[in-house]
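This is what each chain is made of:
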Amino acid sequence: MVSLPRLRSRKTVPARTPGELDAMAAAGAVVAAALRTVRAAAVAGVSTKDFDDAAETVIREAGGVPSFLGYHGYPASICSSVNDRVVHGIPSADEKLAPGDLVSVDCGAIIDGWHGDAAVTFGIGSLIPMDEALSAATKQSMEAGIAAMIPGNRLTDVSHAIEQGVRAAERTHGRRFGIVAGYGGHGIGRQMHMDPFLPNEGQPGRGPFLVAGSVLAIEPMLTLGTTKTRILADEWTVVTSDGSRAAHWEHTVAVTEDGPRILTL
Ligand code: MF3
Ligand code: CO
């Protein structure tokens, strides 16, 4: 006799053991430390290369390896994306930061073969209220996505929660935000980018199920204008097509029976 194929997929986002989650949290802690160091160095006149050097030093002194360096030929340990740059900006000694600049820094590290990946957005000095709102909305949407990391939810329940977080922020701030099209979060573990791709918007109730131990990198990218982007001649830097400013926040997050566990703290 043969069994009928399942009509509905019970596929799951792969589960890590509690010990593996602790190993990922060790990598995540190094990423968080690198980002804290970058933030502490964020004053007018520093360059994005200074950030890269600071992050790389923190990672290596902790016994880690910067996961971005050499990734598909990427030349640095962080991505630094200023103003209309969305993600994947390459640090440069010539890029000196000025008051009011809106900076997103993304960083990844490997410890004992396990990856952590996180990003923050901050200002150089104080930001104008619009840019402050953009960063706050992006963080709020990430937190909404994190809250959906519970057993029994499906992949696009997280996507939908991120989108709902953006809509809630729009009501708070009384303005629209663009959800960057074509980019999203991802599975992560012994590699930085693993299946599944996590959209930052969409209908709930689709895709693989979350189980205790499932891990996703949750990373909304929002703009003050368009959802469209283009890539600069350096073949990395993603910029908004209308020149509007963008923000990016990211955490690596595990599903547990006790609720979401942020691994990049
Ligand atoms: N960390 C990015 C992400 O969040 C990927 C950066 S890859 C690099 O998925 F090569 F650009 F560094
Ligand atoms: Co990521």
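On a predicted model such as this, the values are computed, not experimentally measured, just so you know.

Rules behind the numbers
Residues numbered from 1 in each chain as written. Chains lettered and ligands numbered in written order. Predicted model: local features only at pLDDT ≥ 70, side-chain atom pairs only at ≥ 80, totals over all residues. Heavy atoms only, no water. Core = buried A, V, L, I, M, F, W, Y, C linked by side-chain atoms within 4.5 Å. Buried < 20%, exposed > 50% of the residue type's maximum accessible area, 1.4 Å probe, protein only. Helix = DSSP H or I, 4+ residues; strand = E, 2+ residues; numbered from the N terminus. Contact = heavy atoms within 4.5 Å. Pairing = 2+ DSSP bridges. Axes fitted to C-alpha atoms, helices over the stretch in contact; angles between N-to-C directions. Near = heavy atom within 4 Å. Polar contact = N/O pair within 3.5 Å; in protein donor to acceptor, adjacent residues only side chain to side chain. Areas by Shrake-Rupley, 256 points an atom, 1.4 Å probe, with all protein chains shown as cover. Donors = N, O, S within 2.8 Å, 3.2 Å for Na, K, Ca; no water. Tetrahedral: all angles 85-135°; square planar, octahedral: opposite > 155°, others 65-115°. Expected span 1.5 Å × (residues − 1). Arc of directions from axis to C-beta.

(A) Molecular detail of the nonpolar core. Grouped together as the largest cluster of nonpolar side chains are 40 residues, with contacts concentrated most on Phe51, Phe122 and Ile218. Going through the elements one at a time, helix 1 (18-40), helix 2 (48-61), strand 2 (78-82), strand 4 (102-111), strand 5 (114-123), helix 3 (129-147), helix 4 (155-173) and strand 9 (215-218) are the ones with two or more residues in this core. At six residues, helix 1 tops the list of elements feeding residues into this core. Those residues within four positions of isoleucine 218 in sequence are excluded, and the remaining contacts are Met142, Gly145, Ile146, Met149, Val158, Ile162, Leu198, Trp249, Glu250, His251 and Val253. Formed by twelve residues, the second largest nonpolar core is a distinct cluster that contains Ala137, Val166, Ala169 and Ile179.

(B) Expanded view of the environment of lysine 11. Counting through the fold element by element, lysine 11 comes out in the segment before helix 1. Classification of lysine 11 as exposed rests on a relative accessible area of 57%.

(C) Just the pairing of strand 5, in detail. Counting buried residues in strand 5 gives ten out of ten residues, a clear majority hidden from the surface. Residues Trp114, Gly116, Ala118, Val120 and Phe122 point to one face of strand 5 and His115, Asp117, Ala119, Thr121 and Gly123 to the other, with burial holding for every one of them. In the sheet, strand 4 pairs with strand 5 via ten bridges, with the strands oriented antiparallel. Within the sheet, the bridge partner assigned to alanine 109 lies in strand 5 and is glycine 116. Hairpin connection between strand 4 and strand 5: a loop of two residues separates the two successive antiparallel strands, and aspartate 112 in this loop has a positive phi of roughly 50 degrees.

(D) Highlighting the sheet that holds strand 9. Judged by pairing direction, the sheet is antiparallel, and its five strands sit side by side in the order 8-7-9-14-15 without closing on themselves. Two strands lie at the open edges of the sheet, namely strand 8 (194-198) and strand 15 (261-262), each paired on one side alone. Pairing analysis gives two bridges linking strand 7 (residues 185-187) to strand 9, with the strands arranged antiparallel. Residue pairing in the sheet places glycine 187 in a bridge with leucine 216 of strand 9. Running at roughly 40 degrees to strand 8, helix 4 makes contact with strand 8 and strand 9 of the sheet.

(E) Broad picture of the site of ligand 1. Around ligand 1 sit 13 residues in total, of which Phe68, Asp117, His193, Glu219 and Glu250 are the nearest. In this structure, an oxygen atom belonging to ligand 1 sits 3.2 Å away from a side-chain N or O atom of histidine 186. Here an oxygen atom of ligand 1 sits 3.0 Å away from a polar atom, N or O, in the side chain of glutamate 250. Relative to its unbound accessible surface of 330 Å², ligand 1 loses 97% to contact with the protein.

(F) Examining the coordination of the cobalt ion (ligand 2) more closely. The protein atoms donating to the cobalt ion (ligand 2) are Asp117 (OD), His186 (NE2), Glu219 (OE) and Glu250 (OE), with metal-donor distances spanning 2.1 to 2.2 Å. Taken together, the six donor atoms surrounding the cobalt ion (ligand 2) define angles of 52 to 173 degrees at the centre, an arrangement classified as irregular. For glutamate 250, a relative accessible area of 1% gives the class buried.

(G) Inspection of helix 2 at higher detail. Across its 14 residues, helix 2 extends 20 Å between first and last C-alpha, which sits within 8% of the 20 Å expected from 1.5 Å per residue. Among the residues of helix 2, those classed as buried are Thr48, Phe51, Asp52, Ala55, Val58 and Ile59. The buried residues of helix 2 occupy an angular sector of 135 degrees when projected down its axis, which confines them to one face. In the core, the buried residues of helix 2 are packed alongside helix 1, strand 1 (65-66), strand 2, strand 4 and strand 5. After helix 2 finishes, the residue glycine 63 shows a positive phi value of roughly 85 degrees.

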